[in-house]
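# Inside the fold
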Amino acid sequence: MMNEILASFFFDRIYCYTMLPTKMLFLSVFVIEEYKCLFRAYLDCHLMVTNPLDYVEPLGKAGASGFTFHVEVSKDNWKELVQLIKSKGMTPGVSLKPGTPIEDVFPLLEDENPVELVLVMTVEPGFGGQKFMPQMMDKVRTLRKKYPSLDIEVDGGLGPSTIDMAAAAGANCIVAGSSVFGASDPAQVISLLRKNVEDSQKTN
Ligand SMILES: O=C(CO)[C@H](O)[C@H](O)COP(=O)(O)O
């Protein structure tokens, strides 16, 4: 916990990932409420669940800042989801798994009530410490070209050895777990990741 508290002076967002079923939703709510009390950072929630609609109200109430659902499970109700997420004061985002084509998120970005962030998974969702999939950078490049001011987040295997690829492709929100919390100096890793993104933004 000490590592998290120290690192919190340097990061912009806390990434809260849940795969918990609805009957254990209270645990996600508890974690968000605790983070809300402890940190001032943006609470970026990624819902890897089949029924994200059920989570919107409780997470909004708990203090979540962003709510990112998966495109694969929201083909029929994403408009309703986006509307509800915004009505609860959160920023809507959409995520896609490595096997999902990038074209699947275009309608959600081109709607009159669009999502404001796309989370490109660079590993199969599930757990930390996996190997970054460089082939996912094509998706990031496509998005950045088509939507120059979009928030593009990447998650999975990001750290000093992979940040160049993600930043050059156009990602501007970096989720980093093992590379930060496993480092002897988490703040230094965070500032290296940030510098890479800022430098790429200046040159592109
Ligand atoms: O849980 C994950 C995927 O489901 C993430 O990849 C994780 O949050 C980030 O971890 P790491 O930086 O170690 O890849």
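Read on for a plain summary of the structure. For every chain, the first residue of the written sequence is number 1, and numbering continues from 1 onward in sequence order. Only residues with pLDDT of 70 or above have their local features reported here, since the model is predicted, and side-chain atom pairs are shown and tallied only from 80 upward, although totals for entire chains, interfaces and linings are computed over all residues. Working from all heavy atoms in the structure, the side-chain values ignore hydrogens and water.

Looking now at the overall build of the protein chain. When its secondary structure is counted, the protein chain shows nine helices and seven strands. Expressed as lengths along the three principal axes of its C-alpha atoms, the size of the protein chain is roughly 40 × 40 × 25 Å. Three exposure classes are used, based on accessible area relative to the maximum for each residue type with a 1.4 Å probe and protein chains only: buried under 20%, partly exposed in between, and exposed over 50%. The proportion of buried residues among the 204 residues of the protein chain is 49%. Of the contacts formed within the protein chain by residues at least 6 apart in sequence, a portion of 66% connects residues at least 24 apart. His is not counted, nor are the chain ends, whereas Lys and Arg count as positive and Asp and Glu as negative. Note that the charge is assigned to NZ on lysines, CZ on arginines, CG on aspartates and CD on glutamates. Distance between charge centroids for the protein chain: 2 Å, based on 19 positive and 25 negative side chains. A run of H or I in DSSP becomes a helix once it reaches four residues, and a run of E becomes a strand once it reaches two; helices and strands are each numbered from the N terminus. Contacts are assigned to residue pairs that have any heavy atoms within 4.5 Å of one another.

Whether two strands pair depends on DSSP finding at least two bridges between them. Strands sit in the order β1-β2-β3-β4-β5-β6-β7 across an open sheet of seven strands; the sheet is parallel. For this open sheet the edge positions go to β1 (13-18) and β7 (173-175), each flanked by a neighbour on one side alone. Neighbour-to-neighbour, the strand axes of the sheet open up by a mean angle of 20 degrees, direction not taken into account. For strand β3 (residues 66-70) and strand β4 (residues 91-96), the ladder comprises five bridges, and the chain directions are parallel. Each bridged residue has a counterpart across the sheet, and for Thr68 the counterpart in β4 is Gly93. Every axis corresponds to a line fitted to the C-alpha atoms, with the helix fit spanning only the stretch in contact, and the corresponding angles, defined between N-to-C directions, vary from 0 to 180 degrees.

Throughout this document, a residue counts as near a molecule or strand when at least one of its heavy atoms sits within 4 Å of that molecule or strand. If you check the shell around the ligand, you find 15 residues, and the closest are Gly126, Gly129, Gly157, Gly177 and Ser178. As used in this structure description, the phrase polar contact means that two N or O atoms lie within 3.5 Å; if the pair is within protein, one of them must be able to donate a hydrogen and the other to accept it, and residues adjacent in sequence are counted only when both atoms belong to side chains. Side-chain polar atom of Tyr17 to an oxygen atom of the ligand: 3.3 Å apart, as the coordinates give it. Side-chain polar atom of Ser178 to an oxygen atom of the ligand: 2.3 Å apart, as the coordinates give it. Per-residue and other accessible areas follow the Shrake-Rupley method at a 1.4 Å probe size, with only the shown protein chains counted as cover for residues. Across the complex, the protein chains shield 91% of the 360 Å² of accessible surface that the ligand would expose by itself. Buriedness for pockets is judged along seven lines, at least five of which must meet protein on both sides within 12 Å for an open set on the 1 Å grid over protein atoms alone, while cavities are sets there where a 1.4 Å probe fits but cannot get out, and lining residues have an atom within 4 Å of a point. Should more than half of a molecule's atoms lie within 2 Å of a pocket's or cavity's grid points, that molecule is taken to sit in it. Counting atoms within 2 Å of the grid points, the majority share of the ligand lands in the largest pocket. Residues are grouped as follows: Ala, Val, Leu, Ile, Met, Phe, Trp, Tyr, Cys and Pro are nonpolar; Asp, Glu, Lys and Arg are charged; every other residue, Gly included, is polar. Its residues placed into classes, the shell around the ligand shows seven nonpolar, seven polar and one charged.

Our next topic: the layout of surface pockets. Grid points are joined across faces, edges and corners, and a volume is the space filled by probe spheres set on the points. The computed volume of the largest pocket comes to approximately 1,000 Å³. Lining the largest pocket are 41 residues, and of these Tyr15, Ile174, Val175, Ala176 and Gly177 lie nearest its centre. Secondary structure elements with two or more residues in the lining of the largest pocket: β1, β6 (151-155), β7, α8 (178-181) and α9 (186-203). Sorting elements by how many residues they give to the lining of the largest pocket places α9 first, with six residues. Its residues assigned to classes, the lining of the largest pocket comprises 22 nonpolar, 11 polar and eight charged.

Here the focus is the nonpolar core. We call a set of buried Ala, Val, Leu, Ile, Met, Phe, Trp, Tyr and Cys residues a nonpolar core when their side-chain atoms join them within 4.5 Å. Residues Leu59, Phe67, Phe69, Val105, Val118, Val120 and Leu143 are the most contacted members of the largest nonpolar core, which totals 57 residues. Sequence-distant contacts of Leu59, that is, excluding residues within four places in its chain, are made with Leu25, Ser28, Val29, Ile32, Cys45, Leu47, Ala64, Phe67 and Met90. The next biggest cluster of nonpolar side chains, apart from the first, holds five residues, and it includes Leu117, Leu119, Met121 and Cys173.

Attention now moves to the pairing of strand β5 (residues 117-121). With respect to burial, β5 is a largely interior element, five of its five residues being buried. Neither face of β5 is open: one carries Leu117, Leu119 and Met121, the other Val118 and Val120, and all of them are buried. Where β4 meets β5, four bridges bridge the pair, whose relative direction is parallel. In the sheet register, Gly93 faces β5, and the bridge partner there is Leu117. One ladder, built from five bridges, connects β5 with β6; its direction is parallel. What sits directly across from Met121, in β6, is Asp155.

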